[in-house]
Amino acid sequence: MATRFIIEDTDHAEPLSQHGSLAEAWVELRRLSGVPWDQAPNIAPCSDWRSCGRCYEIIEFDTSLDPWREVQRVSGFGIRALGVVWAPDAQRDEP
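Residues numbered from 1 in each chain as written. Predicted model: local features only at pLDDT ≥ 70, side-chain atom pairs only at ≥ 80, totals over all residues. Heavy atoms only, no water.

(A) Structural view of the overall build of the protein chain. The number of helices and strands found in the protein chain is one helix and five strands. Rg of the C-alpha trace for the protein chain: 13 Å, near the compact-globule value of 12 Å for 95 residues, within the 12% margin. With the C-alpha coordinates aligned to their principal axes, the bounding extent of the protein chain is approximately 40 × 30 × 20 Å. For the protein chain, the share of sequence-separated contacts (at least 6 apart) that also reach a separation of at least 24 residues comes to 50%. A total of about 5,500 Å² of accessible surface is found on the protein chain, and carbon and sulfur atoms cover 51% of it. Between the mean site of the 9 positive side-chain charges and the mean site of the 16 negative ones, the protein chain shows a separation of 3 Å. (Helix = DSSP H or I, 4+ residues; strand = E, 2+ residues; numbered from the N terminus. Rg over C-alpha atoms; globule rule 2.2 N^0.38 Å. Contact = heavy atoms within 4.5 Å. Areas by Shrake-Rupley, 256 points an atom, 1.4 Å probe, with all protein chains shown as cover. Lys, Arg positive; Asp, Glu negative; His and termini not counted. Charge placed at Lys NZ, Arg CZ, Asp CG, Glu CD.)

Take a look at the structure:
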């Protein structure tokens, strides 16, 4: 099975980046958690972005099918003006 891992802002149904492995996606997610909420790419795309935020998940897709089939979703974190809130089951540290 060929796979791709997409980091998506599920609040806005906006894909952010694609990765070849889950480990690579986690590296990027941890990097994003260090970017302030009001700076790209964490700034929400809506017109009222100051009261909004983003909620990131990693979505694994089987790319051997057309269209791609979702295999699993892995919780990441939400980011808003008050800061970052990691999902309870999120892999916050390097494995």
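(B) Quick look at the nonpolar core. Ile7, Trp26, Leu29, Tyr56, Ile58 and Phe77 are the most contacted members of the largest nonpolar core, which totals 18 residues. Listing elements by their share of this core, those giving two or more residues are strand 1 (3–9), helix 1 (22–32), strand 3 (54–62) and strand 4 (69–80). Here this core gets four residues from one element, more than from any other, and that element is helix 1. Leaving out residues up to four positions away in the same chain, Tyr56 has contacts with Ile7, Glu8, Asp9, Leu16, Leu29, Leu32, Pro41, Asn42, Ser75, Gly76, Phe77 and Ile79. (Core = buried A, V, L, I, M, F, W, Y, C linked by side-chain atoms within 4.5 Å. Buried < 20%, exposed > 50% of the residue type's maximum accessible area, 1.4 Å probe, protein only.)

(C) Region of interest: the pattern of salt bridges. According to the stated counting rule, one finds seven salt bridges in the structure shown. Glu28 serves as the salt-bridge partner of Arg31, at 2.8 Å between the closest nitrogen and oxygen. Residue Arg31 and its partner Glu28 are located together in helix 1, separated by three residues, close to a single helical turn. Between Arg73 and Glu57 there is a salt bridge; the shortest N-O distance is 2.9 Å. (Salt bridge = Lys/Arg side-chain N within 4 Å of Asp/Glu carboxyl O.)

(D) Layout of the pairing of strand 5 (residues 83–86). Bridge count between strand 4 and strand 5: four bridges; the pairing is antiparallel. Along strand 5, the bridge assignment pairs Phe77 with Trp86. Counting the residues between successive antiparallel strands, the hairpin from strand 4 to strand 5 contains two residues. (Pairing = 2+ DSSP bridges.)

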